[in-house]
Amino acid sequence: MFSAQSIAEKLAALDRRIIFLLVGIVVLIPLLVPLDLPVVVSRETRDFHDEIEALSDSAVLMLAIDYEPDTMAELDPMTLGVLRHCFRKGVRVVALSLYAGAPGIAQRLLEKAAGEYGRAYGEDYIYLGYNPDWSGTMLRLGESIKATYPKDQWGTPSVDLPLLKNVDSYDDVDLLVCINGSKYAEFWAAYAQARYGQRMVSGNTAVMSVFIYQYYNTGQISGFLGGIRGAAEYEKMLGLPADGTIAMGSQSCAHVLIVLLIIAGNVGYLLARRAKRKGSI
Amino acid sequence: MSRTAAIIIAFVLGLFMMIQFFIPHPAVTGIYNTLLDIKQIVLGCAFILGVLSLIRFHAGRIRQKQAGGWYSSAALLGLAVMVVMALVWGTEDGPYRWMFNNVQAPMQATMFSLLAFFVASAAYRAFRVRNLDASVLLAVGVVVMLGRVTLGTLLSWDIGGQTLSLAGASEWILHSVNVAAKRGILIGVGLGMIATALRIIIGLERTYLGRD
């Protein structure tokens, strides 16, 4: 009924619609019915967590929310995790963005986390908004935050913000956290860390995290989160399982499916090649 | 004349920005800060140019009644609606925020999410053991993919008192092999950037000025 050759041909040339359907199923089901998968915390995530954990109660953390809605599924859990971590400890947050589509995301996450912990705008956290000149901003913040951002996102003069009363440059910032889906973590490392010695950690999409290892190994970036896995690990360390932990189930299933598809494709390919060789002899 | 002036400005400012790094004097820092402020203003103006260029491009498509011209109408309508809503009701609350959260954000996220489907399909078709290079790429890809998820941490073996796991192998690839390759690339890129910057400063590289 089914010859080895026909099976080989089918395995080697699966219809892409079947693949799309399988991916849809393995991604969707773990989101609807969360899997309780064990999460092992990596060294880089532990370092990321420990850097924030080591901050004093009144420390100032600069949070660069440098991404747009395209990567929010991967990065929102990290930003929310950082905000919850800070607000729980009492660390003050100076947030800003160097991506045009970021302010909407930043506003939503800041309001959500601040509401959960009863933190007040202006005292416990501020949002300086978007600045189009990314490299100039990274450098200028080392000289003066108030000059770089004369007003916050909502038009309040920076000099009137209580949080910035004694804060005006990297000298007054205890830790910089950059959440991004691009090369911005590397740029922050080059301009804020290398030039001004600003201590920093970063949260990155899985794709971009491969670029961060070299900065992590040299200590320029003190810790980082890589993709959904990093977010899930961080949530575990915080004891606040949320969207990152749930999404990790989807990612795990999707990775296993892709590996199975690769194996199926190769079995089909090898069987077809063998049959072809036999046919030619 | 204008090209010469541009080359002189590039030379003077390029040289200044290079030297100021080593001179932390308040006077030098003051000029440096002013230049950074000017840069912010120039970039702000570039946005205006970008919007004008976008309007011109799509208006031309609509005017010429090109195929798919209604996509251009949708683009211009979206731009106009968001600008008007932001100017009238502000961005903190109101219809602008509603549109961002309920239209722009889901659409952008959906476009990016489609990658998962195409990556799965592409991986299935591309990762074939055709030769040694492809086989190594496939093996590394599978180890990293499984090592980054829970299954990788569960798959481990004790060999001669040493625990070998897929997660460990994945970590090693990312921390050692990946870093070695990336560092080499980064050094090359850095040297290239320095060479290009020097060529611009001394006026050898003039392509940034465009044609006469």
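Residues numbered from 1 in each chain as written. Chains lettered and ligands numbered in written order. Predicted model: local features only at pLDDT ≥ 70, side-chain atom pairs only at ≥ 80, totals over all residues. Heavy atoms only, no water.

(A) Inspection of unusual backbone geometry at higher detail. Even without being glycine, K65 of chain B reaches a positive phi, approximately 55°. When you line up the elements, K65 of chain B lands in the loop between α2 (26–63) and α3 (69–89). (Helix = DSSP H or I, 4+ residues; strand = E, 2+ residues; numbered from the N terminus.)

(B) Representation of the interface of chain A and chain B. At the interface, 66 residues of chain A touch 51 residues of chain B. Summing both sides of the interface, chain A and chain B together bury roughly 5300 Å²; the carbon and sulfur share of this comes to 60%. Connecting chain A to chain B are four salt bridges. We note a salt bridge from E171 of chain B to R229 of chain A, for which the minimum N-O separation is 3.9 Å. Taken together, the links from chain A to chain B amount to 24 residue pairs in polar contact (both at pLDDT 80 or more). Counting only elements with at least two residues in the side of chain A that touches chain B, the list comes to α1 (4–12), α2 (16–32), α3 (43–53), α5 (102–117), α6 (134–140), α8 (184–196), α10 (213–218) and α12 (243–280) of chain A. Per-element tally for the side of chain A that touches chain B: the top contributor is α12 of chain A, with 14 residues. Here the side of chain A that touches chain B is built from residues that sort into 31 nonpolar, 19 polar and 16 charged. (Contact = heavy atoms within 4.5 Å. Buried area = accessible area lost by both parts, 1.4 Å probe. Salt bridge = Lys/Arg side-chain N within 4 Å of Asp/Glu carboxyl O. Polar contact = N/O pair within 3.5 Å; in protein donor to acceptor, adjacent residues only side chain to side chain. Nonpolar A, V, L, I, M, F, W, Y, C, P; charged D, E, K, R; others polar.)

(C) Summary view of the packing of aromatic side chains. Per the stated rule, a full pass over the model turns up 16 aromatic pairs over all chains. Ring centres 5.5 Å apart and planes at 80° place the aromatic pair Y216 of chain A and F224 of chain A in the edge-to-face group. Taking the relative accessible area as the measure of exposure, Y216 of chain A reaches 8% and is therefore buried. Where F21 of chain B meets F22 of chain B, the ring centres are 5.3 Å apart and the plane angle is 80°; that geometry is what we call edge-to-face. For F22 of chain B, a relative accessible area of 64% gives the class exposed. Three or more aromatic residues joined by ring pairs make a cluster, and in this case those are Y99, W134, Y184, F187 and Y191 of chain A. Over the aromatic face of F211 of chain A sits the side chain of K182 of chain B, whose NZ or CZ is 4.2 Å from the ring centroid. (Phe/Tyr/Trp six-rings, centres within 6.5 Å; stacked < 30°, edge-to-face > 60°. Buried < 20%, exposed > 50% of the residue type's maximum accessible area, 1.4 Å probe, protein only. Lys NZ or Arg CZ within 6 Å of the ring centre and 35° of its normal.)

(D) Just the pairing of strand β3 (residues 125–130) of chain A, in detail. Residue and element names in this part refer to chain A. The buried fraction of β3 is high, at five of six residues. In the sheet, strand β2 (residues 92–97) pairs with β3 via four bridges, with the strands oriented parallel. Residue pairing across strands places A95 opposite Y127, the latter belonging to β3. Crossover handedness for the path β2 to α5 to β3: right-handed. (Pairing = 2+ DSSP bridges. Right-handed = clockwise from strand over helix to strand, strands pointing away.)

(E) The arrangement of the nonpolar core in detail. Residue and element names in this part refer to chain A. In terms of nonpolar packing, the biggest core is built from 38 residues, with I52, L61, L63, V82 and V177 touching the most fellow members. The contact partners of V82, leaving out residues within four places of it in the chain, are F48, I52, L61, L63, V177, I179 and Y234. The next biggest cluster of nonpolar side chains, apart from the first, holds 34 residues, and it includes A64, V167, A185 and A192. (Core = buried A, V, L, I, M, F, W, Y, C linked by side-chain atoms within 4.5 Å.)

(F) Representation of the domain arrangement of chain A in the model. By the assigned domains, chain A splits into domain 1 (4–33 + 249–280) and domain 2 (43–241). Inter-centroid distance (C-alpha atoms) of domain 1 of chain A to domain 2 of chain A is 40 Å. (Domains from an automatic or database assignment.)

(G) Structural context of the packing of helix α1 (residues 2–20) of chain B against α2 of chain B. All names here are of chain B. Close contact between α1 and α2 brings their axes to 11 Å; oriented N to C, the two are set at 125°. Here α1 lies oblique to α2, going by the angle between them. For α1 against α2, the interelement crossing comes out left-handed. Each of L13, F16, M17 and Q20 in α1 lies in contact with α2, whose residues at this interface are V28, I31, Y32, L35 and L36. In terms of residue class, the contact of α1 with α2 is made up of eight nonpolar, one polar and no charged. (Axes fitted to C-alpha atoms, helices over the stretch in contact; angles between N-to-C directions. Parallel < 35°, antiparallel > 145°, perpendicular 65-115°, else oblique. Left-handed = near helix turned anticlockwise from the far one by under 90°.)

(H) Geometry of the sheet that holds strand β5 (residues 200–204) of chain A. Residues and elements named next belong to chain A. Pairing is parallel in the open sheet, where six strands are placed in the order β3-β2-β1-β4-β5-β6. Each edge of the sheet is formed by a strand with only one pairing partner; in this case those strands are β3 and β6 (224–226). Sheet twist, expressed as the mean angle between neighbouring strand axes with direction ignored, is 15°. Sheet analysis places strand β4 (residues 175–180) next to β5, joined by five bridges and oriented parallel. Within β5, the residue paired with N180 across the bridge is N204. On top of the sheet, α5 reaches β1 (60–66), β2 and β3; it is set at about 170° to β3, its chief contact.

(I) Fine view of helix α11 (residues 227–238) of chain A. All names here are of chain A. Compared with the 16 Å implied by 1.5 Å per residue over 12 residues, the 17 Å span of α11 between its first and last C-alpha is a close match. In terms of burial, α11 is a largely internal element, 10 of the 12 residues being buried. Among the residues of α11, G227, I228, R229, G230, A231, A232, E233, Y234, E235 and L238 are the ones counted as buried. Remark: G239 follows α11 within two positions and exhibits a positive phi of approximately 75°. (Expected span 1.5 Å × (residues − 1).)

(J) Molecular detail of the side chain of S250 of chain A. Residue and element names in this part refer to chain A. Here S250 is to be found in helix α12. A distance of 2.6 Å separates a polar side-chain atom of S250 from the backbone oxygen of V27. Apart from the residues lying within four places of it in its own chain, the contact partners of S250 are V26, V27, P30 and L31.

(K) Layout of the state of the cysteines. Considering all chains together, one arrives at zero disulfides over all chains under this definition. Sulfur of C86 of chain A: no disulfide; nearest cysteine sulfur belongs to C178 of chain A and is 14 Å away. (Disulfide = S-S within 2.5 Å.)

(L) Region of interest: the pattern of salt bridges. Evaluation of the coordinates by the stated rule reveals 13 salt bridges over all chains. For D15 of chain A, the salt bridge identified is with R17 of chain A, shortest N-O distance 2.7 Å. Note on R17 of chain A: relative accessible area 61%, which makes it exposed. For the salt bridge of E186 of chain A with K183 of chain A, the shortest nitrogen-to-oxygen distance reads 2.9 Å. If you follow the salt bridges from partner to partner, you end up with E111 of chain A together with D93 and R97 of chain B in one network.

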